Amino acid sequence: MDRRMAWAGVVAFVMTAVVACSTDDAAPPAPAPSATSSTPTTPSAASTPPPSATSTPSGTSTTAAPTPAATPTPPAAPNPVSLQALMTKKYNGGNLRLGPVLARNGAYTRYHVTYTSGLLTISGIMNVPTTPGRHPALVLNHGFIDPAVYTNGRGLMREQDYLARRGYVVLHTDYRNHAQSSDDPRSELDLRLGYTEDVINAVHALRTSQYVDPERIGLLGRSMGGGITYNVLVAQPGLVKAAVVFAPVSSDAVDNFNRWIRNDRPIATTILRTYGEPSRNPAFWRNLSAVNFFDRVTEPLLIHHGESDSTCPIAWSRETLAALKAAGKDATMYTYPGEEHAFGPAWPTSMARSVTFLKQHGV
């Protein structure tokens, strides 16, 4: 993995879930296999008496003045580079505008779209099924692709088509600093937590669409986008009905930092000078890690991970699943022997399972 892509990916997930597994998600599907997979795992003061009257030398009585109540200390504002900041943020996703038609077929129409995210305008694509009425909808969160080469709607191309043909409105967001989205000069300094903000606002924007059932919206994320999905679930529980992730990055920010950025000395030096080593400033890194907030998750989650993934180790997803189960959450994981990061022969099976899962949970 070259240094530029590793840094961009990592910092992306550190922002979001903080770093990124670099991959181009647009590889074409392979023929459906008879892939084997593991059986899915599912989770199982005393009051103060009033002052008494006291006698004075003149024979008159006086009453002691009450002690004024202490003014409570207001809670400290969260670090703006933290998941807690995303938990308290006000979101304004809306102004969803359908632009030019990019493609049309018998199943759906593909539009260039824009929507509002804070002070920014975010671009993306939206596939709208040709069937009448309101539809369930999914926000797709793509993995790392260098913004210098990224184009509108790139990434998760197979998934965009597959899901639209099965009746879903699909909004694939480009994230800030990608394609025609607004530039965010603080994106690097903020460790790209803005990507998570853009996805949250994408859900709010979808709710305003005449084509969408606002009560049937879910998330699907891959690689870095899986980490963004984790962030959304902990930052805004109840925002969506269910979520699916493929080959996700770690839910622990330190894992991602250590894997991709620590040995890139100029970048690592800047990050560590600003935020400190994980061992010296554990609170900062803990507050970037979704795994530490899984008690907040309210949505069922499905994880797909290939056992031969050399980019995002499957151990990360196993640890994430264990943490979710320990928190009593509804989480399921399928593993795929021989599958690498991008998914090949088992991709059709994984997608069929994803649609079944989404429908079971109201999406």
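Our subject is the structure listed above.
The shown structure was predicted, so the numbers you read here are calculated from the model rather than taken from an experiment. (Residues numbered from 1 in each chain as written. Predicted model: local features only at pLDDT ≥ 70, side-chain atom pairs only at ≥ 80, totals over all residues. Heavy atoms only, no water.)

Chemist: Any details on helix H4 (residues 194-206)? Residues and values, ideally.
Modeler: Between the first and last C-alpha of H4 there are 18 Å, a value that for 13 residues agrees with the 18 Å anticipated at 1.5 Å per step. When you tally the buried positions in H4, you get 12 out of 13 residues, the bulk of the element. (Helix = DSSP H or I, 4+ residues; strand = E, 2+ residues; numbered from the N terminus. Expected span 1.5 Å × (residues − 1). Buried < 20%, exposed > 50% of the residue type's maximum accessible area, 1.4 Å probe, protein only.)

Chemist: Go over helix H3 (residues 157-164), please, and point to the residues and values.
Modeler: Among the eight residues that make up H3, six are buried, leaving the element largely enclosed by the rest of the structure. All buried positions along H3 are accounted for by Arg-158, Glu-159, Gln-160, Tyr-162, Leu-163 and Ala-164. Where H3 is buried, its residues meet strand S4 (108-117), strand S5 (120-129), strand S6 (135-141), strand S7 (169-173), strand S8 (212-222) and helix H10 (347-360). (Contact = heavy atoms within 4.5 Å.)

Chemist: Describe the nonpolar core, and please don't skip the residues or the numbers.
Modeler: Formed by 64 residues in total, the largest nonpolar core has its most connected members in Leu-83, Met-126, Leu-206, Leu-219, Trp-285, Leu-288 and Leu-301. Core analysis: the next-biggest nonpolar cluster, separate from the first, contains 24 residues, Leu-140, Val-170, Phe-343 and Leu-358 among them. (Core = buried A, V, L, I, M, F, W, Y, C linked by side-chain atoms within 4.5 Å.)

Chemist: Residue-level account of the pattern of salt bridges, with values.
Modeler: Any two side chains of opposite charge can pair, so long as their charged atoms come close to each other. For the structure on display, the rule yields eight salt bridges. One salt bridge in this structure joins Arg-158 and Glu-159, with 4.0 Å as the shortest N-O distance. When the shortest N-O distance is used, the salt bridge between Asp-184 and Arg-176 registers 2.9 Å. Residue Asp-184 is classed as buried on the basis of its relative accessible area of 15%. (Salt bridge = Lys/Arg side-chain N within 4 Å of Asp/Glu carboxyl O.)

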